[in-house]
Amino acid sequence: MSEPFLLTSVDGNVGIVTLNRPHKRNALDEAAVAELDDYFSHVPAGIRAILLTAEGEHFCAGLDLKEHHDQARGAVEFLKVCQAWHRAFDKIQHGGIPVVACLQGAVVGGGLELASAAHVRVADQGTFFSLPEGTRGIFTGGGATVRTARILSSPRMVEMMLTGRVLDAAEGHTLGLAHYVCGTPKTPEPARQLGLALARKIATNAVLSNYAIVSSLSRIADMSATDGLFAEGLMAAVVQTGADVQQRLGDFVNKKAPKVRLAA
Ligand code: 1HE
C-alpha cells in the first residue's frame, strides 16, 4: 500500500494537516484529493482551527502532471477530476472551521488553488506563486477562476496566466495571496510557528462567530446587496445564540476582557 498523502495530528484544539509527498513536491493526484476530502468531511470533534502545512521545500506543485499525462483523460473524465477538487476544496473553505495555510517554495497551479481555499495564508520569504496552466496546455480546474480570481481580481489573474509570471513572496503579499510573510527562504519553521500561533488564537474565538466568518462572507459576495444584507442579519441572529455570548459580553462590560489595541 502507498504511503498516505496526509499526515494528521492534533495540538490542543488545533488540527494539523500536513501534505506529505515532498519527493513529488506535494503534487496532487486523485488519491491525494480524496484524502483531503475525507479529512475535511470528518474533522475530529473538538477541533476549532486547522493548520495546513507541507513537508519539504515546496507547499504544492499543483496537479499531478504525470498521472494526468499517463491517464490521458478524456473531457468528461477530467471534468469529474475537477469536480472532485471542487468538492474537497469547498469543504476546506466552507466547512465552518478556520484553516490557516503555511506556504513555502512553490505554490503553483492547483497548489495555489488549494492555498486559496484556506482562510489565512502565512508564507516564508522563499514562497513563489504561479499559474502555469497555459504553458502546460491545460486550464485551472481546482477553483482558481472563482477563489484565486477574487483574491487577485480577474484581470490580474488573466495577465498572470497569459504571461506565466511568477510572483515572489512580497508580490504575493501585496496582492493578498499571503496575509503574512516571515522567516527566510527555505526555513519554513518561522512561518509554521506564526501559522500555529494564529490558529491557536483563532481557536479562542466563539465557535459560531468563526463558523459565520468562514461560511458566510464568500457566499454573501455572490448575492445582491439586498439579499446579502438580509443574510448577514440572519447570520448575526444565529451567532447571537452561541453558548458563551453572554459570558464574553459580560467580561467586556465588567472590564475583564482585553481592549482592542495595536500590538506594541
Ligand atoms: C511533479 C510535479 C507535478 C514536480 N506533477 N510530478 N504544476 C506545474 O506546472 C509545476 C511543475 N513543477 C515544477 O515546476 C517544479 O517541480 C517545482 C518548481 C515545483 C519544484 O522544482 P524542484 O527542482 O524542486 O523539483 P523537480 O526536480 O522539478 O521535481 C522533483 C520531482 O517531483 C520530479 O519527479 P522525479 O520522479 O523526476 O524525481 C518531478 O517530476 C516531480 N514533480 N511537480 C507530478 N506537478 C485541477 S487543474 C490544476 C492545474 C495545475 O495544477 S497546472 C500546474 C502544474
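As shown above, the structure is provided for reference.
All values derive from a computational prediction rather than experimental measurement.

Asks: How would you sum up the sheet that holds strand β5 (residues 106-108)? Please name residues and give values.
Replies: Paired through their backbone hydrogen bonds, the strands of a sheet run either parallel or antiparallel. Strand order across the open sheet formed by 3 strands is β5-β7-β8, with mixed pairing between neighbours. A strand with exactly one partner marks an edge of an open sheet, and here the two such strands are β5 and β8 (167-168). Against the sheet, helix α4 (residues 110-117) makes contact with β5 and β7 (128-130), and its axis sits at roughly 90 degrees relative to β5, the strand it touches most.

Asks: I'd like a description of the site of the ligand, backed by residues and values.
Replies: Neighbouring the ligand are 24 residues; Lys 24, Ala 61, Leu 63, Gly 110 and Arg 136 lie closest to it. Taking His 58, its side chain carries an N or O atom lying 3.0 Å from an oxygen atom of the ligand. In the environment of the ligand, an oxygen atom lies 2.6 Å from a nitrogen or oxygen atom belonging to the side chain of Arg 136. A total of 1000 Å² of accessible area belongs to the ligand in isolation, and the protein chains cover 67% of it.

Asks: Would you mind going over the packing of aromatic side chains in detail, with residue names and values included?
Replies: Following the criterion strictly, the structure yields 2 aromatic pairs and no others. Geometrically, the ring pair formed by Tyr 39 and Phe 40 is edge-to-face, given 5.2 Å between the ring centres and 80 degrees between the ring planes. By relative accessible area, Tyr 39 is classed as buried at 10%. Given a relative accessible area of 7%, Phe 40 falls into the buried group. When the centroid spacing of 5.5 Å and the interplanar angle of 55 degrees are considered together, the rings of Trp 85 and Phe 89 count as tilted. Remark: Phe 89 and Trp 85 occur in helix α3 (residues 75-94); sequence separation between them is 4 residues, near one turn of the helix. Overall, Trp 85 belongs to the buried group, its relative accessible area being 5%. Given a relative accessible area of 0%, Phe 89 falls into the buried group.

Asks: Provide a residue-level description of the pattern of salt bridges, including the pertinent values.
Replies: This structure, assessed with the given rule, holds 12 salt bridges. We note a salt bridge from Glu 30 to Arg 73, for which the minimum N-O separation is 2.9 Å. One end of the pair, Glu 30, is in helix α1 (residues 30-41); the other, Arg 73, is in the loop between α2 (65-71) and α3, with 43 residues separating them in the sequence. Here Asp 244 ties to Arg 248 by a salt bridge, and the two come within 2.9 Å at their closest N and O atoms. Among the residues examined, Asp 244 registers a relative accessible area of 26% and is labelled partly exposed.

Cut-offs used in this document
- Residues numbered from 1 in each chain as written.
- Predicted model: local features only at pLDDT ≥ 70, side-chain atom pairs only at ≥ 80, totals over all residues.
- Heavy atoms only, no water.
- Pairing = 2+ DSSP bridges.
- Helix = DSSP H or I, 4+ residues; strand = E, 2+ residues; numbered from the N terminus.
- Contact = heavy atoms within 4.5 Å.
- Axes fitted to C-alpha atoms, helices over the stretch in contact; angles between N-to-C directions.
- Near = heavy atom within 4 Å.
- Polar contact = N/O pair within 3.5 Å; in protein donor to acceptor, adjacent residues only side chain to side chain.
- Areas by Shrake-Rupley, 256 points an atom, 1.4 Å probe, with all protein chains shown as cover.
- Phe/Tyr/Trp six-rings, centres within 6.5 Å; stacked < 30°, edge-to-face > 60°.
- Buried < 20%, exposed > 50% of the residue type's maximum accessible area, 1.4 Å probe, protein only.
- Salt bridge = Lys/Arg side-chain N within 4 Å of Asp/Glu carboxyl O.

Bear in mind that shape data such as this cannot, by itself, settle questions of function.
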